[in-house]
Amino acid sequence: MAATAAFKGAKNSRWRRFVLKPFVFVQFFFGIGLLAIALKQFRRKNTHPAQSPELIAKDWEILYYRIIPFRAISRAWGWLTNCHLPVWARQPLLGLYARTFNCNLEEATDGNLDNYSCLAEFFRRKLKNGVRPIDPASTVVAPSDGTVLNFGRVTAGMMEQVKGVSYSLGEFLGPAYWRNGPEVQPAGQTELEYEKSLLVNKDNDLFHCVIYLAPGDYHCFHSPVDWTVNFRRHFPGALLSVNPSIAKWVAGLFSLNERAVYVGRWKHGFFSMTPVGATNVGSIRVYADDKLRTNCTKWALPLPYYDRYMGPTESDSDEIPLHKGEIFGEFNLGSTIVLIFEAPKDFEFNIRPGEKIRMGQSLHLTGSSVKQEAAAH
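As named in an unreviewed UniProt entry, the chain is Phosphatidylserine decarboxylase proenzyme, mitochondrial, taken from Daphnia similis. Within the UniProt record for the chain, the comment given under Sequence similarities (unreviewed entry) is "Belongs to the phosphatidylserine decarboxylase family. PSD-B subfamily. Eukaryotic type I sub-subfamily."

Shown next as C-alpha cells:
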C-alpha cells in the first residue's frame with residue numbers, strides 16, 4: 001500500500017512538473033498576449049491605419065493571433081453547418097440567420113427555408129435568373145456581391161489592402177512560373193521587376209481590386225471578364241478572419257491566408273482571380289477544378305503551395321475558358337475575392353472603398369458612364 005501510494009505521488013508530481021506547470025505557464029503568457037492585443041484593438045476601433053500606422057499589428061501580435069486554432073475551428077464549423085436539420089428546426093434557425101445577416105430570400109431560387117436541409121446548403125443558395133444582370137457595356141464586372149475594401153494601380157509591386165496598409169504582389173501570387181512551366185525566378189528580383197514581368201503588353205499597367213463577402217451576401221462568385229484560365233496555385237496558408245477591421249490591422253493578411261490563385265489571359269493580357277479563405281470559410285469550391293482541396297490539415301498539405309498547370313499540352317487537364325458573368329465557384333459562408341489584372345493606362349475604376357456592390361455591375365468607367373458624368377456636370 002505504501003509503495004502504491006508513493007508511486008501515485010511520484011506520478012502526480014511528474015504530471016504537475018512536466019504537464020500542468022508548463023500548461024499554466026503557456027496559458028498565462030498567452031492570456032497576457034491576447035489582453036495586449038485586445039487593448040490595442042480598442043485603440044484601433046475608431047482610428048484609421050493611415051492616420052496611426054503604429055497601430056498596425058506587430059510580428060508578435062500576429063504570432064499570438066495565429067496560435068488560435070482557426071483551421072480546426074473552421075473544420076468544426078464546416079461539419080456543424082453540414083449537419084442535417086429536422087424540418088421543424090429550419091424555419092427558426094435559418095430564419096434567425098437570414099434576419100441577422102439581412103439575407104434577401106426574395107432573390108433566392110428557392111425562398112422556402114423548409115427546403116434547405118442544412119445551414120451550408122442555405123449559404124450556397126442560388127439566385128433567380130435576372131436578379132443580377134451583367135453589364136453589357138463593361139469589360140470588367142463585379143465577380144460577387146460584397147463590399148469594396150480597396151482598388152487601384154499596383155505601385156512598385158505593392159497593393160493596398162485597405163488605405164494605409166499594403167501587401168506584396170510577389171508574396172500574394174508567388175513565383176511567376178505559369179508561362180512556360182517551372183523556371184527559376186531571377187535572384188534578387190525587386191518588387192517592381194516582378195510586377196513588370198507579369199505584363200504581356202509593356203505599355204499597360206497592373207490594377208487590383210479587393211471585394212469582401214459578408215456572411216449575408218450571395219456566396220457564389222462569377223467570372224468578371226471573358227478570359228481563359230491556364231494555371232492554378234493553391235496556398236494552404238492560415239484561416240485568419242478577413243473582416244475589414246482585421247484587414248486594417250494585419251498587414252499582408254491575404255498573403256497569410258489560404259487561397260487559390262487562378263491565372264490566365266484576357267484581351268489586355270495578364271489576368272488573375274483569387275478566392276481567399278478565412279475563419280469558418282476554409283471551404284473554397286471551384287466548379288471546373290475538382291482537384292482543389294481546401295481546409296485540409298497541415299500534414300495533408302505540408303508544402304507552401306501546390307501548382308496545377310492547365311495549358312493545352314497538359315494530359316490530365318485543359319484550359320478553362322470563362323465568359324463574363326459565368327459562375328466560377330462558391331464559398332461556405334463569406335470571404336474575399338482579389339482581382340489582379342493588366343489593362344491600358346487609362347483604365348479607371350468607378351467604385352469607392354466601402355461601397356456595397358452586386359455581382360455583374362461594372363467596376364470601371366464605360367462609354368455610357370462617362371457620358372452620364374459629363375451630362376451631370
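A. Spatial organisation of the pattern of salt bridges. Under the defined criterion, the tally for this structure stands at twelve salt bridges. Put simply, aspartate 205 and lysine 345 hold a salt bridge, and the shortest N to O gap is 2.9 Å. One end of the pair, aspartate 205, is in strand 4 (residues 205-212); the other, lysine 345, is in the loop between strand 13 (336-343) and strand 14 (356-357), and 140 residues separate them in sequence. The exposure class assigned to lysine 345 is partly exposed, which follows from its relative accessible area of 45%. Each of Glu107, Arg132, Asp145 and Arg358 takes part in salt bridges that share partners, so that together they form one network.

B. Molecular detail of the sheet that holds strand 9 (residues 284-286). Pairing within the open sheet is antiparallel, and its three strands lie in the order 5-12-9. The sheet is open, and its two borders are formed by strand 5 (220-222) and strand 9, each paired with just one other strand. On average, adjacent strands in this sheet sit at an angle of 20° to one another, irrespective of strand direction. In this structure, strand 9 lies alongside strand 12 (residues 327-331), joined through three bridges in antiparallel fashion. Bridging across to strand 12, valine 286 finds its partner in glycine 329.

C. Region of the structure containing the confidence of the model for the chain. Chain-level pLDDT for the chain is 80 on average; 76% of the residues reach the 70-or-more range. Note on residues 18-27: pLDDT is under 50 here. Beyond four places in sequence and across chains, it has five contacts. Overall, residues 373-377 carries pLDDT values under 50, and its contacts beyond four positions in sequence, including any with other chains, amount to one contact.

D. Structural view of helix 7 (residues 191-198). Within the span of helix 7, buried status applies to Tyr194, Glu195 and Leu198. On an axial view of helix 7, the arc spanned by its buried residues comes to 100°, and they lie on one face. If you follow the buried residues of helix 7, they end up packed against helix 6 (169-173), strand 4, strand 8 (269-276) and strand 13.

E. Structural view of unusual backbone geometry. Although it is not a glycine, asparagine 102 sits at a positive phi angle of roughly 55°. Here asparagine 102 shows up in the loop between helix 4 (87-100) and helix 5 (119-123). For alanine 156, which is not glycine, the phi dihedral falls at a positive 50°. The residue alanine 156 is located in the loop between strand 1 (146-153) and strand 2 (158-162) in this model. Overall, alanine 156 belongs to the partly exposed group, its relative accessible area being 43%.

F. Quick peek at the UniProt feature "modified residue: Pyruvic acid (Ser)" (unreviewed entry) in the chain. The sites that carry the UniProt feature "modified residue: Pyruvic acid (Ser)" (unreviewed entry) are, in the present numbering, Ser335. By the secondary structure assignment, serine 335 is in the loop between strand 12 and strand 13.

G. Spatial organisation of the UniProt feature "active site" (unreviewed entry) in the chain. The feature "active site" (unreviewed entry), as given by UniProt, occupies Asp145, His222 and Ser335 in the numbering adopted here. Judged by maximum C-alpha separation, these annotated positions cover 191 residues in sequence but sit close together in space, the widest gap being only 14.1 Å. Topologically, aspartate 145 is positioned in the loop between helix 5 and strand 1. Overall, the relative accessible area of 5% leaves aspartate 145 in the buried class. If sequence neighbours within four positions are ignored, aspartate 145 has contacts with Arg132, Ile211, Leu213, Asp217, Tyr218, Ile357, Arg358 and Met359. Side chain to side chain, aspartate 145 and arginine 132 meet in a polar contact 2.6 Å long. Dropping the residues within four chain positions of it, histidine 222 is found in contact with Pro143, Met273, Gly325, Glu326, Ile327, Phe328 and Met359. Of note is the side chain of histidine 222, whose polar atom sits 2.9 Å from the side chain of tyrosine 218.

Rules behind the numbers
Every chain is numbered independently, its residues counted from 1 as its sequence is written. Reporting in this predicted model follows two pLDDT cut-offs: at least 70 for local features of residues, and 80 or more for side-chain atom pairs to be given and counted; totals over whole chains, interfaces and linings ignore these cut-offs and use all residues. Where side-chain values are given, they derive from all heavy atoms of the structure, hydrogens and water being excluded. UniProt positions are given in the numbering used here, feature names are shortened, and annotations may be inferred rather than shown by experiment. The term salt bridge refers to a side-chain nitrogen of Lys or Arg lying within 4 Å of a carboxyl oxygen of Asp or Glu. Under the DSSP-based scheme used, a helix requires at least four consecutive residues in state H or I and a strand at least two consecutive residues in state E, with every element numbered from the N terminus. For each residue, the accessible area found with a 1.4 Å probe, counting protein chains only, is set against the maximum for its type, and the residue is called buried under 20%, exposed over 50%, and partly exposed in between. Pairing between strands requires that DSSP locate at least two bridges from one strand to the other. Note on definitions: angles span 0 to 180 degrees between N-to-C directions of axes, and those axes are lines fitted to C-alpha atoms, for helices only across the stretch in contact. The pLDDT value expresses, per residue, how confident the predictor is, ranging between 0 and 100. The contact rule is simple, with two residues in contact once any of their heavy atoms fall within 4.5 Å. Our arc is simply the arc of the directions from the helix axis toward the C-beta atoms. Whenever a nitrogen or oxygen atom comes within 3.5 Å of another N or O atom, the pair is scored as a polar contact, on the condition that within protein one atom can donate a hydrogen and the other can accept it, and that pairs from neighbouring residues in sequence are kept only if both atoms are in side chains.

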